[in-house]
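Chain by chain, the residues:
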Amino acid sequence: MINQDNVELMFDVLDESALILYQKYKTPYLEGVIKTCENIVSNSVEVIDDDIRVELLSKIKRISNIDFQKEEIRKAFQFACLKGYKHANISNQMITPETIGIFINYLVTKLYNKKKFNILDPVSGTSNLIACVANHLDEDVNLFCVEKDLLSYKLSLTLLELLGYGEQVFYQDSLTYLSPKMDLIIGDFSGIVEKEIYSLIKHHGNNIIDGGFLIGVFDDLTVSEKVLIKHAKDINEIWKLFGLIRLPKGILKNQSKSIVIFQKTGKLVIQPKRFLLVDLPEFSNKEDMKIVINHINDWFKNTEFYKLGEK
């Protein structure tokens, strides 16, 4: 169970420390957040001025004896990023809403029967999405992230280090990235142009094992029936379209987006006879959401497909 007081305390330490660094050294807010996270991990502060060092150390000591849950840390870090983006007039689109991450985690539990995951986010942004999914998976996970924007890369690396997921974050063009074979690929592809999206989908088919799934968030215009048919020839040898789940507009500032699921082809892969097609209600509408979840559960129960991890 998330302790909201812990979330607020961690955010306060990140926020207050970043503001101190800005006021004293004119360090940009988000760079100050990154520096503070480094201080937390190392349990030390490296600055020129002794009085600032003492003040920053006092902030860290407020949280040094608290055993934070990973989701408490991720939430606090997300709030700090949102504040930093607002002050820097940067779009917060690189931060995927956590309700989507939690729902993708639910899908993963339906699509897989594995106890260990190698997960890749080829368009990681700040890594909020992959961290949210990983934090809710009660499994052993190794995370790999690729990001070409320098600030987002730094934030991504910082968050994963803070959560104890390591340093496997790569600052490069995702189309040049080759990895060990992943079990799962997730990513928020919204805001990316159509041509690049399908180039990414095709390219990262090389980075996943046969039968593995790509679960992505897309702008509806880039995954319309017409567009999917247009690109089918180019990706069908690598991927099979498995499902499409339309997201409610309420959590997306009235933008039209969907989760699309692709499965990597392979000898054991079975093409489902029925396509998974769902319109999600608003997440706040618990009654309608319960009906839809039951529908999805029935679909998985009654549909034959290849699930990684099954013998």
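If you're wondering where the values come from, they're calculated on a predicted model, not measured in any experiment.

Some details on the pairing of strand β2 (residues 140–147)
Consideration 1: Counting buried positions over the 8 residues of β2 gives 6, a clear majority of the element.
Consideration 2: Here 6 bridges tie strand β1 (residues 116–121) to β2, and the two strands are oriented parallel to one another. Looking at β2, one finds that phenylalanine 117 is bridged to valine 141.
Consideration 3: On the question of chirality, the crossover connecting β1 to the parallel β2 by way of helix α6 (residues 128–136) is right-handed.
Consideration 4: Where β2 and strand β3 (residues 169–171) come together, 3 bridges link them in parallel fashion. Within β3, the residue paired with cysteine 145 across the bridge is valine 169.

Points about the nonpolar core
Consideration 1: Counting 80 residues, the largest nonpolar core has Ile104, Leu111, Ile215, Ile259 and Ile261 as its most contacted members.
Consideration 2: Looking at which element gives the most residues to this core, the answer is helix α1 (residues 4–25), with 9 residues.
Consideration 3: Those residues in contact with isoleucine 104 that lie beyond four places of it in its chain are Leu129, Val133, Ile186, Ile215, Val217 and Ile259.
Consideration 4: By size, the runner-up hydrophobic cluster in this structure holds 25 residues, among which are Met182, Leu200, Ile208 and Phe218.

Observations concerning the packing of helix α2 (residues 29–42) against helix α7 (residues 150–163)
Geometrically, a packed helix pair is captured by the angle between its two axes and the distance between the axes.
Consideration 1: At their nearest, the axes of α2 and α7 sit 10 Å apart, and the two run at 25 degrees to each other. By the criterion of interaxial angle, the relationship of α2 to α7 is roughly parallel. As for how α2 packs across α7, the hand of that crossing is left-handed. Only Leu151, Lys154, Leu155, Thr158, Glu161 and Leu162 of α7 make contact with α2, whose side of the interface consists of Leu30, Glu31, Ile34, Cys37, Ile40 and Val41.
Consideration 2: Taken together, the residues of the contact of α2 with α7 sort by class into 8 nonpolar, 1 polar and 3 charged.

Here is what the cut-offs are and how they apply
- Residues numbered from 1 in each chain as written.
- Predicted model: local features only at pLDDT ≥ 70, side-chain atom pairs only at ≥ 80, totals over all residues.
- Heavy atoms only, no water.
- Buried < 20%, exposed > 50% of the residue type's maximum accessible area, 1.4 Å probe, protein only.
- Helix = DSSP H or I, 4+ residues; strand = E, 2+ residues; numbered from the N terminus.
- Pairing = 2+ DSSP bridges.
- Right-handed = clockwise from strand over helix to strand, strands pointing away.
- Core = buried A, V, L, I, M, F, W, Y, C linked by side-chain atoms within 4.5 Å.
- Contact = heavy atoms within 4.5 Å.
- Axes fitted to C-alpha atoms, helices over the stretch in contact; angles between N-to-C directions.
- Parallel < 35°, antiparallel > 145°, perpendicular 65-115°, else oblique.
- Left-handed = near helix turned anticlockwise from the far one by under 90°.
- Nonpolar A, V, L, I, M, F, W, Y, C, P; charged D, E, K, R; others polar.

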